[in-house]
Amino acid sequence: MPSPAPGADQLAGGVEDDAVPATSACPGVNRAWWWAGASIFVLVIVVLFDAYLHLSKTYTENSDEANILLMANDMLHGNVYLSGWNVSDVPFITTELPEITLLVWMFGLHLNTAHIAAAVTYTTVIAVAMLLAKGRARGPQAIMRMALVLAIMLAPQPGVGVFVLVFSVGHIGTSAPVMLAWLVLDRFGLTRRDGTTVTLRQRWYIPVIIAVLLGWALMADPLVLIVAIFPMLAVCLARVMTSAVTGMRDGAGLHGLGRGLSARWLELSLAAAAGIGYLVVWWGGSLLKNAGAYHQQAVPFQLDGGVGRWFMQARVVVHGLLEMFGAYFVPGNAINFKSPGQYIAGSPLSGLNEAIAITRVACVIVAVWGCCAIARRFFRRDADFISQLLLVGIVLNLAAYIPSTLADHSALNVREIAPVLPFSAVLAARMLGDRVLAFGPAVRVRLPRLSRPLKLRLIVIPLVALFGWYSFGLFQQADTPAAADPFTGLEQFLEANGLSYGLGGYWDASVITVDTGGAITIRAVSPSCIQPYAWENKLEWYDSTKNVANFLLISNQSGYFSSFQARGSALDLLKAAYPEDRQNRLDYGNYFFQAGNPYPIYDYNVYVYQGNLLTQLPALKQALNGKPNDQTKAAGPDNPIVVC
């Protein structure tokens, strides 16, 4: 057999040199064990899907998920390019949206379909992460690597963790196509099965496939620039420079430099592929725009404050990361960052949940250990290419997020760094999985039809027990009753009063529309001047020649998901546009009192008008244009909130 190239086992994610093969020389036995392993893998995925479906239902639905369902339903009915839609800064046009379109076709346009999609997405991310962690390993090494990934990603914490990783349609789904690209590179683009390095002529198609996969992911989510394309360029540059310097040192000057560069054909071609993928997406976006496709909002990225503020935001990021790992054990600490030194307290942990969170700190330690392991070897010639890509993706994701205005909100916003969890899990498994099996005393176990016994380390016993404890935690959380629908009573109230089409705040609008099957349709308007809220909406919703809106719904409840309500001058002007005998206010829900106000304030106010509110929107915009408003947000050409 040819001699493996130096470091080929690290390049391909292979096993250690002294590892004992776990299979016999008989092809029939090999196939039997392969099918057994594949069957167990599929069974695990099915069980995980069921658990995450129940876990997703513990979080209340909101209009983000409802709008994604409405977009998917529009695609299902032929509007493939989403013409007439304003999408968010992440269009999901090539990833989650096709998936959810298929699910809407199978299960219908219901809020429960959002939970099914959430479970499918997170289960897929875990499956791809396990395969990427396995690499070329076989036998006990492969099992240990895959189990390590599963243990780290198994049980996100109820609340923030579930929202970020399972329920929210966000960047966690983006990690799947990125890791799929790395999986293709790992399995086919680095070395053959015998460890020998491939040539460009033999694997010319690998850079093409990588360019297609990265372009596919980037079309759906701009975060791919940070977690995949920039890391590819940086790692390829580092590997080329390392090879060049080593070649000059070992090969006598320019001759050695040329030999070192020629050994890195793959890195050079992959760097070019990443750039080509970006250009293809830019060109494809221009074509879609010219074809009248969706309008995508710009990413609202800006640097925020100074170093002191960054430190406060980093604390919230740590909190969010611990929630993703299921390891946030601090009882009663904060969820939401308001300003330096000010937090909104979260629900305290106690009993079993706190015990589970404490033990899951081990997953955080292993993940950090894996990052440190590849960082120490980063500039070595035999450094694992895939682990390098993952590490740089993690670092760039955190470095871009922490000092930005995106981090200046709450731990819920760590969905912007959701890929950190699967990336760190895979990295830890590839860097540490084989070491775990080499640690401590061993016993030999003879399995049926194997030509040689398996050598298992005794450390596996406590690890299996710990994994069982984590699994118990997951299924204990999944057994939590589903969250109650907070809009049921309000929907019945609106229906009883004959109200079927109206306007309202973003977080109340589409979720009620989907929940009632369109029987009560509410379209989102901006809080500043009651204009179409250009974030995941369709322009024809506000066409006064097609629709008649005769009520405005306003929520007075506290919390982030009730903060986008019409207020101030715009609401006063709308009231003034109708005589008193043509408008009426209905109150719904519980009531409370505020200091200085002798009148009760109800959870919801419903302003009913005789006429079509949609005809008043142009006049409101003109009346408020350029004037200060107490609800106006920071101005900017790409701000999705209309500022008057």
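Residues numbered from 1 in each chain as written. Predicted model: local features only at pLDDT ≥ 70, side-chain atom pairs only at ≥ 80, totals over all residues. Heavy atoms only, no water.

A. How the structure looks around the packing of aromatic side chains. Tallying each qualifying case throughout the model produces 15 aromatic pairs. The interplanar angle of 25 degrees and the centroid separation of 5.9 Å between the aromatic rings of Trp 469 and Phe 472 together place this pair among those described as stacked. On the criterion of helical spacing, the pair formed by Trp 469 and Phe 472 is a turn pair, its members being 3 residues apart in helix H18 (residues 460–478). Classification of Trp 469 as partly exposed rests on a relative accessible area of 27%. Among the residues examined, Phe 472 registers a relative accessible area of 43% and is labelled partly exposed. Ring geometry for Tyr 578 versus Tyr 609: centroids 4.8 Å apart, planes at 40 degrees, classification tilted. Of this pair, Tyr 578 sits in the loop between helix H21 (568–576) and strand S11 (583–592) while Tyr 609 sits in strand S12 (residues 601–609), and the two are 31 residues apart along the sequence. The residues Tyr 578 and Tyr 609 share a single accessibility class, namely buried. (Phe/Tyr/Trp six-rings, centres within 6.5 Å; stacked < 30°, edge-to-face > 60°. Helix = DSSP H or I, 4+ residues; strand = E, 2+ residues; numbered from the N terminus. Buried < 20%, exposed > 50% of the residue type's maximum accessible area, 1.4 Å probe, protein only.)

B. Main features of the sheet that holds strand S1 (residues 85–87). Taken in spatial order, the 3 strands line up as S2-S1-S9 in an open sheet, and their pairing is mixed. Across the chains shown, the open sheet's two edge strands, defined by having one partner strand only, are strand S2 (295–296) and strand S9 (537–538). Both S1 and S2 contribute to a ladder of 2 bridges, which runs parallel. If you follow Asn 86 over to S2, its bridge partner there is His 295. Relative to the sheet, helix H3 (residues 63–76) contacts S1 and S9, its axis offset from that of S1 by approximately 135 degrees. (Pairing = 2+ DSSP bridges. Contact = heavy atoms within 4.5 Å. Axes fitted to C-alpha atoms, helices over the stretch in contact; angles between N-to-C directions.)

C. Region of the structure containing unusual backbone geometry. Its identity is not glycine, yet Phe 92 carries a phi of approximately 55 degrees, on the positive side. Its place among the elements puts Phe 92 in the loop between S1 and helix H4 (96–107). By relative accessible area, Phe 92 is classed as buried at 5%. A positive phi angle, close to 55 degrees, is found at Glu 536, a residue other than glycine. For Glu 536, the location among the structural elements is in the loop between strand S8 (521–524) and S9.

D. Quick look at the pairing of strand S10 (residues 551–555). Of all 5 residues in S10, 5 are buried; the element is thus mostly enclosed. In S10, alternate side chains face the same way, and those of Phe 551, Leu 553 and Ser 555 on one face and Leu 552 and Ile 554 on the other are all buried. The sheet contact formed by strand S7 (residues 501–504) and S10 spans 2 bridges and is parallel. Its bridge partner being in S10, Gly 504 is matched across the sheet by Leu 553. Here S10 pairs with S12 via 5 bridges, running antiparallel. Residue pairing for S12: Leu 553 is matched across the bridge by Val 606.

E. Just the nonpolar core, in detail. Ranked by size, the top nonpolar core spans 172 residues in total, and within it Tyr 52, Trp 182, Leu 185, Met 232 and Leu 552 carry the most contacts. In terms of residue count, helix H5 (residues 111–134) provides more of this core than any other element does, 13 residues in total. (Core = buried A, V, L, I, M, F, W, Y, C linked by side-chain atoms within 4.5 Å.)

F. Local environment of the packing of H3 against H5. Direction vectors running N to C along H3 and H5 enclose 95 degrees, while the axes themselves pass 9 Å from each other. Judged on the interaxial angle alone, H5 and H3 are roughly perpendicular. Of H5, the residues touching H3 (which contributes Glu 65, Ala 66 and Leu 69) are Leu 111, Thr 113 and Ala 114. (Parallel < 35°, antiparallel > 145°, perpendicular 65-115°, else oblique.)

G. Geometry of the sheet that holds S7. Strand order in this open sheet of 5 strands is S8-S7-S10-S12-S11, and the pairing throughout is mixed. This sheet does not close on itself; its edge strands, each paired only once, are S8 and S11. When strand polarity is set aside, the average angle formed by the axes of neighbouring strands in this sheet is 25 degrees. Inspection of the sheet shows S11 paired to S12 by 8 bridges, in the antiparallel sense. Considered in S12, the bridge of Leu 586 is made with Val 606.

H. Expanded view of the packing of helix H14 (residues 351–359) against H18. For the pair H14 and H18, the least separation of the axes is 10 Å and the interaxial angle reads 135 degrees. Relative to H18, H14 is oriented oblique. Between H14 and H18 lies a crossing whose hand is left-handed. Counting all contacts with H14, which are made through Leu 352, Asn 353, Ala 355, Ile 356 and Thr 359, the residues of H18 involved are Leu 466, Trp 469, Tyr 470, Phe 472, Gly 473 and Gln 476. (Left-handed = near helix turned anticlockwise from the far one by under 90°.)

I. Structural context of the pattern of salt bridges. Under the criterion given, the structure shown has 10 salt bridges. Note that Arg 380 and Asp 382 form a salt bridge whose closest N and O atoms lie 3.5 Å from each other. Looking at Arg 380, the relative accessible area reads 44%, which means it is partly exposed. Taking relative accessible area as the criterion, Asp 382 reaches 18% and is therefore assigned buried. Note that Asp 587 and Arg 585 form a salt bridge whose closest N and O atoms lie 3.1 Å from each other. On the basis of relative accessibility, which here comes to 28%, the residue Asp 587 falls in the partly exposed class. (Salt bridge = Lys/Arg side-chain N within 4 Å of Asp/Glu carboxyl O.)

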